[in-house]
Amino acid sequence: MAASFTSSFSARPSPTVPPASQSFEPLVKAVLKHRLNRNIFALSAAFSLASHIFFWSSDESSISTRLLSPSTWLVALLAWIVGILPTIVSRKLNLAAHHTVAPSPRETLASALTKSSTFRTLTIYTASALLLLSLHLYTAPGIRESLDLSVFVKSKKHPYYLNGCLIFLVVAQAWFALSFSLRNIMLERFVFRWSRNTLFFHLHLFPQSNLFITLPLLLITIGLFTLVTFVAFGVVFGLTRLVVLPILLRIPLLRNLLRPFAAHFVRGPWTLVLPLRYLRLEFRTFLLGLVTLVNWEFADTLFNMYIPQPVDVSHTTAEPNVALVSGVTSTDLVFLHFAYSELRNLATDSSPSSSTRRIALFSDQKYNPSLWSTLTRAALLRLGHDYQTFLRRGRPAPLSSPPPVTTPAVTVPNPPSTPILRQPIYKPLQQSPLARVLNSLASDSDLSRATEEVAKEVKTAAKEAHVPELFRSVAVSATSAIPTSTVVTSIAHNPPTTLSSFILFIRQRCYSALVKYAPSCSRDIYGQLNEWLVRERIHKRAEMSLPNRELDALVIESLSALVCASLAEDRYGVVQRDIPRILEAFLSFLQASEDYQNEVRVLYVPPTPEELTQADSAVLRQKERTRVEVAKASEAIAVVVDALKSGISDIVRTFGDKLTAFKFPPKTAKKLQSFVDYI
């Protein structure tokens, strides 16, 4: 029996590009971890030490003595661990890649309050602020004794009365934490923000120089924010003592709980005189809040400065092109930013090493699909997804209807052969003459129809007659009074049952009380604040339409640069097969972006000479606000428009007459011809 031999020429399947989670993302995570430890943690700890030396210590020793004291370093380290480090870790863990923009501040707050991470972050900020306060009071006994910050007041008659100074200090720290959290929500700090300035930020420059330039502006901004926040807290604290606390002490159940601890707060000097009697406490509260907020803001500035910097990690692997193309296929927008940033640098670099890598990228035949096919497909899918989002103006995609359920056909049995009788089979009952008359009157007979016609004619004649106005008003008021009583009765008998209805009920009652009792200036301030809160911004609508505009610009710049380089470096013409698809995607996106840009620019109408002469402050202020919003919206749209125009111009300038070898749809060819004529 003959032996069987195996052949070594059997077909082997070509490998595919590995997923980004195995090749590219671990490299980027290692770089980000290094930046977090070396830059953000180290610099924020150094800033905490400096703030402790200059503002925290209460002794009268010199700065050099504080700097050389081990206790100063220990307290600064503890302050950084309990007050600064948790906020940095919280931002790192809750950083979101998807950017959901809201057109108004109210919708921004509503969107943030629907997330559980918002309450976790607020809890972390509040706990950090209170821990910093506890550490400050523990390490500064002189301040604690001079301000008399004991838990209870020194009274033998009422030993459980709480100390108002300590409550003021504790509530102020919680207020600072709440205000800073709201500021982060409005600034969208927990969303990955890629600045166009960092795209061209070279790694050989020192970011510390930019940090030192930003530091004075940071101190001024946070100083003003702390001052405004502290003034607002003083007003709220005074209104609580003047209005809220007396009301709570009149409620039977709460009165028994609060009176042993807080009954003395409603007595004593006037509320307006209290700030003048506790100036030292107010200064210490403001200083502690300023130090806390400055440290938090400095840590957030470091995060914004170091994390979005481009990374170059593909060259550290054995196959750099494979790792880079693998990063382009990632599903995480953060890693997509880093991948396309490195790809753009590779496509625009004119060094021999970058040229060699591009040649290897174009001529790859090892993987199936090839590296260039994988790269092109991922880039065009990214642009197509954002293009559809732009056409919907940022609205979510409509849900696809489920396929219709096919039901099996039901076979109807044949009818019986016996015919069905359509007439009554019983003899009708004989009615009495009186019943027949009553049925005739109750039915729609000629008599009833005639009665209705006569009633309509009488009603029309009554309307056309000259009835005195007195009787008309009485009739109208009498009829309109019925729904009002019904509504009042329904409100009285149907109180709010859910939390949302209760909040709406309280809001309406407060607004009615404000309109009825408050002065006109308070109503104007409330109206302006409510208008600012609910008014939709034009530039926010534009940002909703292009949520990933920086990423789209990177994709466009990378593809256009690679297409231009392929004219001299693509040996097999692989890239040329995809040039029509790339140009068609670019030109379609450009046409839609320019149309929307024109729509936005029309929204601003300059003030007429009559309006300038009349000097109507409300009209001029509204038009100036519209002008600023239109300028911001145009700037957001220009990120994609400028990248598209530059990329298409580079391709047309590079290929020139060679573009006639490609076939384009009529609409695309017409738009492309305008670039050819311009160049």
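Residues numbered from 1 in each chain as written. Predicted model: local features only at pLDDT ≥ 70, side-chain atom pairs only at ≥ 80, totals over all residues. Heavy atoms only, no water.

Topic: the overall build of the protein
Here is step 1: Each helix and strand counted, the protein has 28 helices and zero strands in total.
Here is step 2: A burial count over the protein gives 38% of its 679 residues as buried.
Here is step 3: The contacts of the protein with a sequence gap of at least 6 include a subset with a gap of at least 24, amounting to 81%.
Here is step 4: For the protein, the accessible surface area stands at approximately 42,000 Å², while carbon and sulfur atoms represent 65% of it. (Helix = DSSP H or I, 4+ residues; strand = E, 2+ residues; numbered from the N terminus. Buried < 20%, exposed > 50% of the residue type's maximum accessible area, 1.4 Å probe, protein only. Contact = heavy atoms within 4.5 Å. Areas by Shrake-Rupley, 256 points an atom, 1.4 Å probe, with all protein chains shown as cover.)

A short note on the packing of helix α14 (residues 320-328) against helix α15 (residues 333-348)
Here is step 1: The N-to-C vectors of α14 and α15 enclose an angle of 135 degrees; their axes lie 8 Å apart at closest approach. The orientation of α14 with respect to α15, classified from their angle, is oblique. Note on packing geometry: the crossing formed by α14 with α15 is left-handed. Of the residues in α15, those touching α14 at N321, L324, G327 and V328 are F335, L336, A339, Y340, E342, L343 and L346.
Here is step 2: Residue composition of the contact of α14 with α15, grouped by class: eight nonpolar, two polar and one charged. (Axes fitted to C-alpha atoms, helices over the stretch in contact; angles between N-to-C directions. Parallel < 35°, antiparallel > 145°, perpendicular 65-115°, else oblique. Left-handed = near helix turned anticlockwise from the far one by under 90°. Nonpolar A, V, L, I, M, F, W, Y, C, P; charged D, E, K, R; others polar.)

Digging into the side chain of K671
Here is step 1: Residue placement: K671 occurs in helix α28 (residues 666-678).
Here is step 2: If near-sequence neighbours (up to four positions away) are discounted, K671 is found in contact with L587, L590, Q591 and E594.

Some words on the pattern of salt bridges
In a structure, side chains of opposite charge can pair up when their charged atoms sit close to one another.
Here is step 1: Across all of its chains, the model carries 21 salt bridges by this definition.
Here is step 2: With a closest N to O distance of 3.8 Å, R549 and E550 form a salt bridge.
Here is step 3: A salt bridge links R653 to D650; its shortest N-O distance comes to 3.0 Å. With R653 and D650 both in helix α27 (residues 617-655) and three residues apart, this pair spans about one turn of that helix.
Here is step 4: Among the ionic contacts, a cluster of salt bridges with common partners joins R91, R183, R189, E297 and D300. (Salt bridge = Lys/Arg side-chain N within 4 Å of Asp/Glu carboxyl O.)

Let's talk about a nonpolar patch on the surface
Here is step 1: A cluster of nonpolar side chains, namely L227, V231, V235, L239, L242, V243, V244 and I247, defines an oily patch on the protein surface of about 700 Å² accessible area.
Here is step 2: Of the residues examined, L242 reaches a relative accessible area of 55% and is grouped as exposed. (Patch = residues over 30% accessible without salt bridge, like charges linked within 9 Å, V, L, I, M, F, W, Y side chains within 5 Å.)

Topic: unusual backbone geometry
Here is step 1: Each neighbour pair has its own omega, and for N368 with P369 the value is 0 degrees, a cis peptide bond.
Here is step 2: Along the chain, the position of P369 falls in the loop between α16 (352-362) and α17 (371-391).
Here is step 3: Phi at E188 is positive, roughly 55 degrees, even though this residue is not glycine.
Here is step 4: One can find E188 in the loop between α8 (164-187) and α9 (196-199).
Here is step 5: Its relative accessible area of 11% is what places E188 among the buried residues.
Here is step 6: In this structure, R393 is a non-glycine residue whose phi angle is positive, near 60 degrees.
Here is step 7: By secondary structure assignment, the location of R393 is in the loop between α17 and α18 (433-442).
Here is step 8: With a relative accessible area of 21%, R393 lands in the partly exposed category.

Considerations on the packing of aromatic side chains
Here is step 1: In total, this model carries 17 aromatic pairs according to the counting rule given.
Here is step 2: A ring pair is formed by F168 and F230, whose centres lie 6.4 Å apart and whose planes are at 85 degrees; its orientation type is edge-to-face. Separated by 62 residues along the polypeptide, F168 in helix α8 and F230 in helix α10 (residues 207-248) bring together distant segments of the chain.
Here is step 3: On the basis of relative accessibility, which here comes to 11%, the residue F168 falls in the buried class.
Here is step 4: Between the aromatic rings of F390 and F589, the centroid separation amounts to 6.0 Å while the plane-to-plane angle is 45 degrees, which identifies the pairing as tilted. (Phe/Tyr/Trp six-rings, centres within 6.5 Å; stacked < 30°, edge-to-face > 60°.)

Some remarks on the side chain of E594
Here is step 1: Along the polypeptide, E594 turns up in helix α25 (residues 579-602).
Here is step 2: Here the side chain of E594 touches K671 through a polar contact of 2.8 Å, side chain to side chain.
Here is step 3: Sequence-distant contacts of E594, defined by excluding residues within four places in its chain, comprise K645 and K671. (Polar contact = N/O pair within 3.5 Å; in protein donor to acceptor, adjacent residues only side chain to side chain.)

Regarding the environment of K540
Here is step 1: Relative to the helices and strands, K540 resides in helix α23 (residues 538-545).
Here is step 2: A sequence separation of 436 residues divides K540 from S104, and the C-alpha atoms of the two residues are 7.6 Å apart.
Here is step 3: Non-local contacts of K540, meaning those with residues more than four positions away in its chain, are made with V101, A102, P103 and E188.

Some details on the environment of P13
Here is step 1: In this structure, P13 sits in the segment before α1 (20-23).
Here is step 2: Taking relative accessible area as the criterion, P13 reaches 76% and is therefore assigned exposed.
Here is step 3: Taking the C-alpha atoms as reference, P13 lies 9.4 Å from Y367; in sequence the two are 354 residues apart.

Observations concerning the confidence of the model for the protein
Here is step 1: Per-residue confidence for the protein averages 80 on the pLDDT scale, and 77% of its residues sit at or above 70.
Here is step 2: For the stretch residues 197-206, pLDDT sits under 50, and the model shows 12 contacts to residues farther than four places along the chain or on other chains. (pLDDT = per-residue confidence, 0-100.)

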